Amino acid sequence: MTYLEVIILAIIEGLTEFLPVSSTGHMIIATAFMGIEPTPFVKLFTIIIQLGTILSVLVLYWKRFFKSFDFYFKLVVAGVPASILGLLLSDFIDDLLESPFMVAIMLVIGGVILLFVDKWFNKPRTDDSDEISYKQAFIIGCYQCLALIPGTSRSASTIVGGMTQKLTRKAAAEFSFFLAIPMMLGASIVKLYKFLKNGHVFTSDEINLLIIGNVVGFIVAIIAIKSFIGILTKYGFKAFGWYRIAIGTIIIILMAGGYSLQIL
């Protein structure tokens, strides 16, 4: 990868990771146009740059992480369902990851759902993610399992899951941000372990690429999170729904036009 490609991918990651639009779908389109070969390092890069986006959540909400250990336990409870299911179905999930068409279909389906979700769950009772019970956290975690299907979007599934538990859009989105930290950190550690276990080593240039990618992703994610909360609170999900439908359609058109799409 070139430095320009790294910056572009990091911007895409920072913009889309916490939005309900599927970062995977955007990576497909970006790599298709740039012709990036899915080498072991490139596959690792697309996971490791999530560390920068994780840091953005910690910086923006750092006070929330020092209130009580009870909050950490709720994140653990919410992370259990997807962690267990991910381990049990790892081979099946890997097969799904080889199907850009699946990503496109899930983008469209998820987009249609987002067009109506504001009407379905319009009587929230909880406006503070700190007030979530363990039962609510677990149920939201079950919704996160849907994100194991490429193109669904972890953010979309957990936010909608929160809204089913009578959380406001803002509270559901914030809990989704917090829940991303253990999940993305775990994914990064596992990916790095497999990379090193397979005998790969980092060159000095690759280390520089990882640093640049994380820094850019961190900065962009901060902007994206702040903007997303404002848009979501004021306008709801409909715009994101139409956007997902458009992205899914673009992927299908690219495939029909002969583009060789690969998921990193």
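Nothing here was measured: the structure is a model prediction, and the numbers come from that model.

Parameters at a glance
Residues numbered from 1 in each chain as written. Predicted model: local features only at pLDDT ≥ 70, side-chain atom pairs only at ≥ 80, totals over all residues. Heavy atoms only, no water. 1 Å grid on protein atoms, 1.4 Å probe; cavity = no way out; pocket = protein on both sides within 12 Å on 5 of 7 lines; lining within 4 Å. Points joined across faces, edges and corners; volume = space filled by probe spheres on them. Helix = DSSP H or I, 4+ residues; strand = E, 2+ residues; numbered from the N terminus. Nonpolar A, V, L, I, M, F, W, Y, C, P; charged D, E, K, R; others polar. Buried < 20%, exposed > 50% of the residue type's maximum accessible area, 1.4 Å probe, protein only. Contact = heavy atoms within 4.5 Å. Axes fitted to C-alpha atoms, helices over the stretch in contact; angles between N-to-C directions. Parallel < 35°, antiparallel > 145°, perpendicular 65-115°, else oblique. Left-handed = near helix turned anticlockwise from the far one by under 90°.

Caption draft 1: Just the layout of surface pockets, in detail. A volume near 220 Å³ is recorded for the second largest pocket. Lining the second largest pocket are 14 residues, and of these G110, I113, L146, T152 and S157 sit closest to its centre. Looking at the lining of the second largest pocket, the elements with two or more residues in it are α7 (100-120) and α9 (154-164). Ranked by residues supplied to the lining of the second largest pocket, first place goes to α7 with 5 residues. Its residues assigned to classes, the lining of the second largest pocket comprises 9 nonpolar, 4 polar and 1 charged.

Caption draft 2: Layout of α9. For α9, a buried count of 11 out of 11 residues is recorded, marking the element as mostly surrounded by other parts of the structure. For α9, the complete set of buried residues consists of R154, S155, A156, S157, T158, I159, V160, G161, G162, M163 and T164. Turning to α9, the residues buried within the fold contact α7, α8 (134-144), α10 (169-197), α11 (204-235) and α12 (238-256). Once α9 finishes, K166 follows within two positions and takes phi at roughly 70°, a positive value.

Caption draft 3: Spotlight on the packing of α8 against α10. Relative to each other, α8 and α10 sit at 70°, their axes nearing to 12 Å. Overall, the two elements α8 and α10 adopt an arrangement that is roughly perpendicular. Handedness of the α8/α10 crossing: right-handed. On the side of α8, the interface is formed by A137, I140 and Q144, while α10 contributes F175, L179 and M183. The class makeup of the residues in the contact of α8 with α10 is 5 nonpolar, 1 polar and no charged.

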